[in-house]
Number of protein chains: 2
Amino acid sequence: MTRSIPEATVARLPLYLRALVECSEADIVTISSTGLAAASGVNAAIVRKDLSQLGAFGTRGVGYRVVELIDEISSVMGLDQDRAVVIVGIGNLGRALAAYDGFTRRGFDVVGLFDAADALVGQTIAGMVVEDAADLDTAVADRGATIAVIATPAAHAQETVDRLVANGVTAILNFAPVHIDSPEHVAVRKVDLSTELQILSFYEQLYASPGPDQQLATGT
Amino acid sequence: MTRSIPEATVARLPLYLRALVECSEADIVTISSTGLAAASGVNAAIVRKDLSQLGAFGTRGVGYRVVELIDEISSVMGLDQDRAVVIVGIGNLGRALAAYDGFTRRGFDVVGLFDAADALVGQTIAGMVVEDAADLDTAVADRGATIAVIATPAAHAQETVDRLVANGVTAILNFAPVHIDSPEHVAVRKVDLSTELQILSFYEQLYASPGPDQQLATGT
DNA sequence: CTTTGTGAAATCCTTCACAGCG
DNA sequence: CGCTGTGAAGGATTTCACAAAG
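In this report, the structure presented in the accompanying data block is examined. (Residues numbered from 1 in each chain as written. Chains lettered and ligands numbered in written order. Predicted model: local features only at pLDDT ≥ 70, side-chain atom pairs only at ≥ 80, totals over all residues. Heavy atoms only, no water.)

Quick notes on the protein's contact with DNA strand C
Close to DNA strand C lie 24 residues, the nearest being A:Arg12, B:Ser33, B:Gly58, B:Gly61 and B:Tyr64. Taking B:Gly58, its main chain carries an N or O atom lying 2.6 Å from a phosphate oxygen of DNA strand C. One nitrogen or oxygen atom from the side chain of B:Arg60 is found 2.9 Å from a base oxygen belonging to DNA strand C. When residues of the surface near DNA strand C are traced back to their parent elements, those giving at least two are α1 (7-25) and α3 (44-53) of chain A together with α3 (44-53) of chain B. Residue composition of the surface near DNA strand C, by class: 7 nonpolar, 9 polar and 8 charged. (Near = heavy atom within 4 Å. Polar contact = N/O pair within 3.5 Å; in protein donor to acceptor, adjacent residues only side chain to side chain. Helix = DSSP H or I, 4+ residues; strand = E, 2+ residues; numbered from the N terminus. Nonpolar A, V, L, I, M, F, W, Y, C, P; charged D, E, K, R; others polar.)

Dropping the structure here:
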């Protein structure tokens, strides 16, 4: 039934969702594609095309019903089901992610923090006890974790991923600054902080020196 | 001279750079497009097209000289010049970013940490004293910061950006979960952690239930 | 014989423009 | 009259395939 939603659309649906939840909290009942576009930072035509992809119908002359759209997008994105998440690598970044509330809301349930360092194991971070990375395999399998966040050093990322995938993880958010290989049925997204800075460096120098004459869209 | 490098290429050059630096440290002298592709997780044809964009010439039958390519990419990305960076919002994430070494290497010089909370101002994080966000404007201007990292709550992000831009910042890395408006000459990249998780949720459920029959490429 | 550099084809995504509905 | 839904046009990006170079 979910007839192959384009990747670009999938990447934007969460943006709409966030804007819609804000509308909902402000007791706004309907919103036009133009309004949603402004709140999400995209083009209005794209909003309409995206929403038409998932069969959600707005009302001509009026717009979209906010609560209806929230339900629809949540359902399509699978946010109406709980998902168990583990975070591997509890360095500075891992700690911040463990405490980040955007990670714990919306159906994501952090069921384990793992690190290989003896000094960290047993410590309590954000209300959870850090466990030994050696116990990762069984813990992941037992707790039914399907999503993993990799915040390990680059050198350990691939090995960690292999173990996770072998134990049932099918989606990975990779913060380690390295490319990881994974089977086709495993979804991988990477967040690469130093790469982002370097990209900014390019555009910074581009705008700085010559005539201001180039575009930049921050795509996903 | 920099003849408009496609955005997609710019986003990949840092990946090549990282792989090349690793080769360099392993004393590898030349690398083929196939090798570089494998290390970066992209297609070999794309590597060649990307590199041809910046006029870097490989040697047919041999490949690319590693050190030469590192210099070329560094130069194109503007990584051979120092850039002053400020981090605004020293919560869990801001703290992690301040300590993250990927942020402090490669010509990026963190020249200020700012937060609005009295409890934080004056504290030392990663060897730097947190300053009052009220002093942001003059500090940014005085220290010549051109890149800013936004790790504030969503509600303060836009206001912060406006002040930064008014004082000379032309590139922004936004971690706040909100869309920010900025003038055309300002480059903005966003890193949206909860959005990434939601995207993974979609593909996780896609692979889980029906036949495994869909693609996913983690583009930037 | 290996590997680059690149036209051309194919695919994906965005933007435009407007018919049609409420 | 306002706004959605969508065919069609326009761009951008990726992939293919191969001639040319070392």
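Brief notes about the relation of the copies chain A and chain B
Between chain A and chain B, the superposition needs a rotation of 180° and an axial shift of 0.0 Å, giving an RMSD of 0.0 Å. Taken together, the rotation and translation describe the operation of a two-fold axis. The fraction of interface residues of chain A whose copies in chain B are also interface residues reaches 100%, indicating that both copies meet through the same surface. (Least-squares fit on C-alpha atoms with pLDDT ≥ 70 in both. Contact = heavy atoms within 4.5 Å.)

Here we look at unusual backbone geometry
All names here are of chain B. Its identity as a non-glycine residue notwithstanding, Asp-27 has a phi of 60°, on the positive side. Along the polypeptide, Asp-27 turns up in the loop between α1 (7-25) and β1 (30-31). A positive phi angle, near 50°, is found at Ala-126, a position not held by glycine. Here Ala-126 shows up in the loop between β5 (124-125) and β6 (128-132). Classification of Ala-126 as partly exposed rests on a relative accessible area of 49%. (Buried < 20%, exposed > 50% of the residue type's maximum accessible area, 1.4 Å probe, protein only.)

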